[in-house]
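# Architecture at a glance
Each chain, written out:
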Amino acid sequence: MPAVPALMLVPAVIGARLPILTTEAAGTRRRAETTKAMAEKAAAAAEGMVAAQMSLVKSMWSFWPEVASGKVPALVNGKALQDATDAAMKPINRRVRANFRRLSRG
């Protein structure tokens, strides 16, 4: 799944979250949104790194079978990097869509 559709929601999420973060920074509200934003970014980054590494390991294990079958290996033609990038973006896309839904409701 391409990352573009979910990433197009980022400006809307930032726009909805900014007033909340500003209020929290002023100290008039507890810092729940700030804590949530930081925690989910760290979790999404960690999940993305693991997913990318697993995707590359999968490509590594399929290298010789692809060579033996006469295909150009994914590690050589760039498909492995594209798959790793897509895998890394999935957790980020999920978080962006969830944030958009949550923040646009209230």
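Report on the accompanying structure. Owing to the predicted nature of the structure, the values given are computational and were not obtained by experimental measurement.

## Regarding the overall build of the protein chain
In terms of helices and strands, the protein chain carries six helices and zero strands. Listing each helix as α and each strand as β along the protein chain from the N terminus yields α-α-α-α-α-α. For the protein chain, whose C-alpha radius of gyration is 19 Å, the value lies well above the compact-globule estimate of 13 Å for 106 residues. Taken over the C-alpha atoms alone, the protein chain extends approximately 65 × 20 × 15 Å along its principal axes. For the protein chain, the computed accessible surface area is about 7,100 Å², with 69% contributed by carbon and sulfur atoms.

## Describing a nonpolar patch on the surface
On the surface, V57, M60, W61, V72, L75 and V76 cluster together into a nonpolar patch covering about 620 Å² of accessible area. Of all elements in the fold, only α3 (32-61) and α5 (74-77) reach the threshold of two or more residues within the nonpolar patch. With three residues, the top contributor of residues to the nonpolar patch is α3. Residue position: V76 is located in helix α5. Owing to a relative accessible area of 58%, V76 belongs among the exposed residues under this scheme.

## A closer look at the packing of aromatic side chains
By the definition in use, this model includes one aromatic pair. With a centroid separation of 4.9 Å and 85° between ring planes, the pair formed by F63 and W64 is classed as edge-to-face. The exposed category is assigned to W64, whose relative accessible area is 61%.

## Details of the packing of helix α2 (residues 10-25) against helix α6 (residues 79-105)
α6 packs onto α2 with a crossing angle of 50° between their chain directions and a minimal axis gap of 9 Å. Between α2 and α6, the crossing angle belongs to the class labelled oblique. Crossing angle aside, the handedness with which α2 passes α6 is left-handed. Only V96, N99, F100, R102 and L103 of α6 make contact with α2, whose side of the interface consists of V10, A12, V13, A16, R17 and I20. Among the residues forming the contact of α2 with α6, the class breakdown is eight nonpolar, one polar and two charged.

## Here's the deal with the packing of α3 against α6
Each pair of packed helices gets described by two things: the angle between the helix axes and the distance between those axes. Between α3 and α6, whose axes approach to 7 Å, the crossing angle comes to 155°. In terms of orientation, α3 lies roughly antiparallel with respect to α6. The handedness of the crossing between α3 and α6 is right-handed. Taken together, the residues that form the contact of α3 with α6 break down as 13 nonpolar, four polar and eight charged.

Definitions and limits used
- Residues numbered from 1 in each chain as written.
- Predicted model: local features only at pLDDT ≥ 70, side-chain atom pairs only at ≥ 80, totals over all residues.
- Heavy atoms only, no water.
- Helix = DSSP H or I, 4+ residues; strand = E, 2+ residues; numbered from the N terminus.
- Rg over C-alpha atoms; globule rule 2.2 N^0.38 Å.
- Areas by Shrake-Rupley, 256 points an atom, 1.4 Å probe, with all protein chains shown as cover.
- Patch = residues over 30% accessible without salt bridge, like charges linked within 9 Å, V, L, I, M, F, W, Y side chains within 5 Å.
- Salt bridge = Lys/Arg side-chain N within 4 Å of Asp/Glu carboxyl O.
- Buried < 20%, exposed > 50% of the residue type's maximum accessible area, 1.4 Å probe, protein only.
- Phe/Tyr/Trp six-rings, centres within 6.5 Å; stacked < 30°, edge-to-face > 60°.
- Axes fitted to C-alpha atoms, helices over the stretch in contact; angles between N-to-C directions.
- Parallel < 35°, antiparallel > 145°, perpendicular 65-115°, else oblique.
- Left-handed = near helix turned anticlockwise from the far one by under 90°.
- Contact = heavy atoms within 4.5 Å.
- Nonpolar A, V, L, I, M, F, W, Y, C, P; charged D, E, K, R; others polar.

Worth remembering: the numbers are spatial, not functional.
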